[in-house]
Each structure stands twice: as structure tokens, then as C-alpha cells.
Amino acid sequence: MMPLSSVVYIVSGVSLLFTAITMLLVSRYYGVAELKMIGISKALLAAALLSAFVYQEVLTSEMLGHGLSYEVVVGAALLGSGPLRGPEAGAAWFASLAHGFLVTSVLLAAAAIHSSCTVAMLLGLAGLRMRILVAALSALAVGAVGFSAYAVAVLNPYNPVDPGERLAQGLALRDLANVLKTAMVGLPLALLALAYGRTFAETGERMFLGYTVSTALLLAGWLAVGATTLAAWERMAVAAGAAGQPALAAAYAAALAFLTAGSVGMLVTTIAGYAAPRRP
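Residues numbered from 1 in each chain as written. Predicted model: local features only at pLDDT ≥ 70, side-chain atom pairs only at ≥ 80, totals over all residues. Heavy atoms only, no water.

S.K.: How should the overall build of the protein chain be read in this particular structure?
M.R.: Secondary structure assignment for the protein chain yields nine helices and zero strands. Listing each helix as α and each strand as β along the protein chain from the N terminus yields α-α-α-α-α-α-α-α-α. Counting only C-alpha atoms, the protein chain reaches 70 × 40 × 30 Å along its principal axes. Within the span of the protein chain, comprising 280 residues, buried residues form 47% of the whole. (Helix = DSSP H or I, 4+ residues; strand = E, 2+ residues; numbered from the N terminus. Buried < 20%, exposed > 50% of the residue type's maximum accessible area, 1.4 Å probe, protein only.)

Pasting the structure below:
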């Protein structure tokens, strides 16, 4: 049985990937440039989640290889999101967490930058407004990757800085990086939902209502994932575990439900809106 965080990554990542592939195929058949852009954005987000799954499984294997029981490993996975959450100082499996953290950060940054171009197209932004949106999200993406790399350098077990000072500084940097990553992916999703909602209000076509609801679900799922990447989550998880409260899994269950429902909703909406036979 996989840790719940791994289940979130693999299920939501695969569902997003199938949705992205469907969008790309339909966009090629019907020649819809907007659908192609959205499909690429979803594919990059899926790649980040699938990368997190791979590194989470590598991490699980390394922890088991160091003699930890499976119950301890699963319990540790509930404290955070592994590769999405980032490494801690002094851990024997620091390298795997650091690599996973950086790889997923870069993939999420690529998804955010590409999504900014997609949103600009759907909102009809041009000129200065388009450049401002793309530049703002690109700055968030660069900052997220930069602070991720800085956090890894500070938390490195071989860093000569005092361990207590290193841990406090590294966790603060890691939190900042994760807040930026949550924002840089969440903002395009929110704007995308807004764009679809506006199009539905103007046209009354149910396809855009389906895209609005599905994108809002993806946003809710992503925010739930983002919450589990913060150090505050770990403190809450430790306190809840000490009190014997099992409700921590609810955040992962909510993330899984929202991300999967949003992905499936976009898949069904795309098929129904484009691929289904149309009346002449």
C-alpha cells in the first residue's frame, strides 16, 4: 500500500495527463489553438505531479532501506508532501528529497509560465497587459525555483552553518518557495476559471460552464496540496498525531478528490464539447 501522498500524485498526475493528451488530440483535429495551449499547460502540471510520485517512491524505498518500518515511513509521508514539500537538514535521504524538490519546482515553473500565456490568450489580453501578466507569473516562477535552490543549499547536511540556525533559515526559505509555487500555479487556474466563466456568461454554452467548474475544482485541489507543503502543516500534523487525531489524511483525500474530479471534468467536457457529433 502506497503512502497517501503518493496516491494523490499518481492518480491526479495520470488523470491530468490523459486530459492533456485528449485536449491536444482534439485541438489538432479541430484546429483550436486555445485548446492546444491548455493541453500543454495541463501536461506540464501532470509531469510535475508524476515526478513528485517517482521521487516519493524513491524516498520511501530509501527510508525502508535504512531500516525504518513501513508504518513509520507512511506516517512520515503524512507530515508533508515529500518532493513537493522539500528536504530537511541532516536526513540520510537528503539527496533524493533535494533532487525531487528541484525537479518538481522547475516543472511547476514551466507550467506556470506557459499557463500565463494561455490565460492571456483566453482573456484576450494583448500588448502591455499581456506582458505584465506573463512577466508577473514568470517572476513568481523564477523566485520559486531560486528560493527552492537556496533552501536546498542551506539545508544541506554538509553546510558548515550551525545546525539550529541552518534548520530555521532553511525551513523559512522552503516555506517561501512553496508559497510562491502554490501562488504561481493557483493564480493561472483562478484566471482560467474566470475566463471560462466570462465566456459562458457571454455565450451560454454549457461546455464553458463545464470548464469553469472543472478548473475551479483543480484550483481547490492544488491549494489543498500547497497547504501540505508548509512547515505549519508539519507542526499541526505532529500535534494532531500526538493527540491521536487521524483527520490529517482528510487534506490529501480532499486534494485527490478535487484534482481528479477537475481532470475528469475537463476530459468529459472536452469530449462532449468537441469530439461528440454535432448537429448541422
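S.K.: Which parts of the structure should I look at to understand the nonpolar core?
M.R.: Within soluble globular proteins, side chains that are nonpolar generally end up buried alongside one another. In terms of nonpolar packing, the biggest core is built from 50 residues, with Val8, Leu108, Met184 and Tyr211 touching the most fellow members. By size, the runner-up hydrophobic cluster in this structure holds six residues, among which are Ala98, Phe101, Val152 and Ala177. (Core = buried A, V, L, I, M, F, W, Y, C linked by side-chain atoms within 4.5 Å.)

S.K.: Mind showing me how you'd approach the side chain of Ser41 here?
M.R.: With respect to the helices and strands, Ser41 occurs in helix H2 (residues 33-65). A polar atom in the side chain of Ser41 sits 3.4 Å from the side chain of Ser115. For Ser41, the residues in contact, after removing those within four places along its chain, are Ala111, His114, Ser115 and Thr118. (Polar contact = N/O pair within 3.5 Å; in protein donor to acceptor, adjacent residues only side chain to side chain. Contact = heavy atoms within 4.5 Å.)

S.K.: Just to check I follow, could you spell out helix H5 (residues 127-155) for this structure?
M.R.: Helical geometry note: an α-helix holds 3.6 residues per turn, so side chains three or four residues apart project in the same direction. With 29 residues, H5 should cover 42 Å at 1.5 Å per step; its first-to-last C-alpha distance of 42 Å lies within 8% of that length. Within H5, burial applies to Leu133, Val134, Leu137, Ser138, Ala141, Gly143, Ala144, Ser148, Ala151, Val152, Val154 and Leu155. (Expected span 1.5 Å × (residues − 1).)

S.K.: Got a minute to help me understand H2 in this structure?
M.R.: Spanning 33 residues, H2 covers 48 Å between terminal C-alpha atoms, matching the ideal 48 Å at 1.5 Å per step. Just beyond H2, the residue with positive phi is Gly67, at close to 95°.

S.K.: Which parts of the structure should I look at to understand the environment of Gly164?
M.R.: Position of Gly164 relative to the elements: it lies in helix H6 (residues 163-203). In the structure, Gly164 is positioned 88 residues away from Ala76 in sequence and 21 Å away in space, judged by C-alpha atoms.

S.K.: Looking at this structure, I do not really get the packing of helix H4 (residues 94-122) against H5. What am I missing?
M.R.: Relative placement of two packed helices is described by the angle separating their axes and the distance separating the axes. Where H4 meets H5, the closest approach of the two axes is 8 Å, and the angle between their N-to-C directions is 175°. Here H5 runs roughly antiparallel to H4, going by the angle between their axes. When the residues that make up the contact of H4 with H5 are grouped by side-chain class, the tally is 20 nonpolar, four polar and no charged. (Axes fitted to C-alpha atoms, helices over the stretch in contact; angles between N-to-C directions. Parallel < 35°, antiparallel > 145°, perpendicular 65-115°, else oblique. Nonpolar A, V, L, I, M, F, W, Y, C, P; charged D, E, K, R; others polar.)

S.K.: Explain a nonpolar patch on the surface to me, please; I cannot follow it from the model alone.
M.R.: A grouping of Leu17, Ile21 and Leu25 is seen on the molecular surface, where their side chains present a nonpolar patch of about 260 Å² in accessible area. Among the secondary structure elements, Ile21 is positioned in helix H1 (residues 4-30). (Patch = residues over 30% accessible without salt bridge, like charges linked within 9 Å, V, L, I, M, F, W, Y side chains within 5 Å. Areas by Shrake-Rupley, 256 points an atom, 1.4 Å probe, with all protein chains shown as cover. Salt bridge = Lys/Arg side-chain N within 4 Å of Asp/Glu carboxyl O.)

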